[in-house]
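Results of the structural survey
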Amino acid sequence: MVRLDAPPCHSHFGYGIDDPNNADLTLVGSRAYNQFYFGNISYDITKSFLAGIELSSWRTLYVGQLPGDSVRCEFVMKYGF
């Protein structure tokens, strides 16, 4: 018999980038560049309840302002019905 249940542990990784044409940006504070990386892992405690953690790194460049950098660690719990 083949088991069709998914394993209880899941992981996801990703990357995103937004790099508009800077000639189109006229306002100070407009986002000139944005990128992020993320990775997460979650565990199905029951069929309806999971818990997990995600780590992400963000880099944003602005027109006429200092860049913004952020590293985030977030905990998640989800109940589905």
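Look up a bit, the structure's there.
Here is a short report on the structure shown in this document. (Residues numbered from 1 in each chain as written. Predicted model: local features only at pLDDT ≥ 70, side-chain atom pairs only at ≥ 80, totals over all residues. Heavy atoms only, no water.)

Brief notes about the pattern of salt bridges
What counts here: When a carboxyl oxygen of Asp or Glu is within 4 Å of a side-chain nitrogen of Lys or Arg, the pair counts as a salt bridge. Helical segments are the DSSP runs of H or I of at least four residues, strand segments are the runs of E of at least two, and each set is numbered from the N terminus.
Under the defined criterion, the tally for this structure stands at two salt bridges. Between D69 and R59 there is a salt bridge, with the nearest N and O atoms lying 2.7 Å from each other. With a gap of ten residues between them, D69 in strand β4 (residues 68-79) and R59 in strand β3 (residues 49-62) connect regions that are remote in the sequence. In this structure, R72 and E74 form a salt bridge, with 2.8 Å as the shortest nitrogen-oxygen distance.

Concerning the pairing of β4
Just so we agree on the cut-off: Only protein chains enter the accessibility calculation, which uses a 1.4 Å probe; a residue whose area is less than 20% of its type maximum is buried, one above 50% is exposed, and one in between is partly exposed. At least two bridges found by DSSP between two strands are what make those strands a pair.
Counted residue by residue, β4 has zero buried out of twelve residues, so it is predominantly exposed. Across twelve bridges, the pairing between β3 and β4 is antiparallel. Bridging from a neighbouring strand, R59 pairs with D69 of β4.

Points about the packing of aromatic side chains
Cut-off, in case you're wondering: Think of it this way: a Phe, Tyr or Trp ring, Trp meaning its six-membered ring, pairs with another when their centres are within 6.5 Å, and the plane angle makes it stacked under 30 degrees, edge-to-face over 60, tilted otherwise.
For the coordinates displayed, the defined rule picks out four aromatic pairs. Look at F36 and F38: their rings are 6.2 Å apart centre to centre, the planes differ by 25 degrees, and that puts the pair in the stacked class. Among the residues examined, F38 registers a relative accessible area of 25% and is labelled partly exposed.

Digging into the sheet that holds strand β1 (residues 9-18)
Convention followed: Axis angles are defined between N-to-C directions and span 0 to 180 degrees, where every axis is a line fitted to C-alpha atoms and, for a helix, only to the segment in contact.
Pairing is antiparallel in the open sheet, where four strands are placed in the order β1-β2-β3-β4. Looking at strand neighbours, the two that pair on one side only are β1 and β4, the edges of this open sheet. Neighbour to neighbour, the strand axes of the sheet diverge by 10 degrees on average, direction disregarded.

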